[in-house]
Amino acid sequence: DLAGLVTDAVNDAALAAPTHRWVTALPDTPVWVRGDPSRLHQLVSNLLGNARVHTPPGVTVTTGIACHVVPEGGPGTSYAELDVADDGPGIDPELVPRLFERFARADTSRSNGSGIGLGLAIVSSIVKAHTATVTAESADGRTVFRVRIPMIDPPVPARTPG
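Residues numbered from 1 in each chain as written. Predicted model: local features only at pLDDT ≥ 70, side-chain atom pairs only at ≥ 80, totals over all residues. Heavy atoms only, no water.

Caption draft 1: Structural detail: the packing of helix α1 (residues 2-16) against helix α2 (residues 37-53). As a packed pair, α1 and α2 sit with axes 9 Å apart at the nearest point and diverge in direction by 40 degrees. Note that α1 runs across α2; the crossing there is right-handed. Together, Leu5, Val6, Asp8, Ala9, Val10, Asp12, Ala13 and Ala16 of α1 and Pro37, Leu40, His41, Val44, Ser45, Leu48 and Arg52 of α2 make up the contact between the two elements. (Axes fitted to C-alpha atoms, helices over the stretch in contact; angles between N-to-C directions. Helix = DSSP H or I, 4+ residues; strand = E, 2+ residues; numbered from the N terminus. Left-handed = near helix turned anticlockwise from the far one by under 90°. Contact = heavy atoms within 4.5 Å.)

Next comes the structure, spelled out in structure tokens:
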């Protein structure tokens, strides 16, 4: 359940960085994906840790999941879209194309100086192992990391009594 996994990772991040504002936008139902729960937790934790390290206190980090359901017999596969977005200062546009390379690092004046530039490379390798994709986009005031991972079954909306 990707939604449950994200909830746990965001709770961990909130404990590690109470100076940031941690928000979730998750479906009320489980989002089932095929994968290694430990590696997927590591993927989400690395994205959240990246936001924590490379943004100043007071930044809001929003983690959400949207489900994109392809009708039966339709082209493609249903997938979950996991976004980790922040309203921080943004990433240098020259670095964005290299973010997922090993040892790629932002200007250390914008971080706490920790890390050696492997977190997003690890994210990339976990994504590839799960037949998923990851992208990053950044402009002043908004950075979004987006992971698309195939769902096992589309979520079933909760029924209302009546």
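After that view, the rundown keeps rolling.
Caption draft 2: View of helix α3 (residues 119-129). Considered for burial, the residues of α3 that qualify are Leu120, Ala121, Val123, Ser124, Ile126 and Val127. One or two steps after α3, the chain reaches Thr131, where phi turns positive at roughly 50 degrees. (Buried < 20%, exposed > 50% of the residue type's maximum accessible area, 1.4 Å probe, protein only.)

Caption draft 3: Examining the side chain of Ser78 more closely. Within the secondary structure layout, Ser78 lies in the loop between β3 (60-68) and β4 (79-86). With relative accessibility at 10%, the residue Ser78 sits in the buried group. A polar contact is formed between the side chain of Ser78 and the backbone nitrogen of Val70, at a distance of 2.9 Å. (Polar contact = N/O pair within 3.5 Å; in protein donor to acceptor, adjacent residues only side chain to side chain.)

Caption draft 4: Expanded view of the packing of aromatic side chains. Under the definition given, this model contains one aromatic pair. Consider the rings of Phe100 and Phe145, whose centres lie 6.1 Å apart with planes at 90 degrees: the pair is edge-to-face. Of this pair, Phe100 sits in the loop between β4 and α3 while Phe145 sits in strand β6 (residues 142-153), and the two are 45 residues apart along the sequence. Overall, the relative accessible area of 21% leaves Phe100 in the partly exposed class. On the basis of relative accessible area, Phe145 is assigned to the buried category, the value being 3%. (Phe/Tyr/Trp six-rings, centres within 6.5 Å; stacked < 30°, edge-to-face > 60°.)

Caption draft 5: Looking closely at unusual backbone geometry. Positive phi values are uncommon outside glycine, yet Thr131 reaches one of about 50 degrees. Among the structural elements, Thr131 can be located in the loop between α3 and β5 (133-139).

Caption draft 6: Representation of the pattern of salt bridges in the model. Per the stated rule, a full pass over the model turns up four salt bridges. Put simply, Glu81, Asp83, Glu137, Arg146 and Arg148 are held in one network by salt bridges that share partners. (Salt bridge = Lys/Arg side-chain N within 4 Å of Asp/Glu carboxyl O.)

Caption draft 7: Looking closely at the pairing of β4. A large share of β4 lies buried, amounting to seven of its eight residues. With eight bridges joining them, β3 and β4 adopt antiparallel strand pairing. Considered in β4, the bridge of Thr62 is made with Ala85. (Pairing = 2+ DSSP bridges.)

Caption draft 8: Local environment of the packing of α2 against α3. Close contact between α2 and α3 brings their axes to 9 Å; oriented N to C, the two are set at 150 degrees. Viewed along their axes, α2 and α3 form a crossing whose handedness is left-handed. The residues of α3 that touch α2, namely those facing Arg39, Gln42, Leu43, Asn46, Leu47 and Asn50, are Gly119, Leu120, Ile122, Val123, Ile126 and Val127. Partitioned by chemical class, the residues of the contact of α2 with α3 number seven nonpolar, four polar and one charged. (Nonpolar A, V, L, I, M, F, W, Y, C, P; charged D, E, K, R; others polar.)

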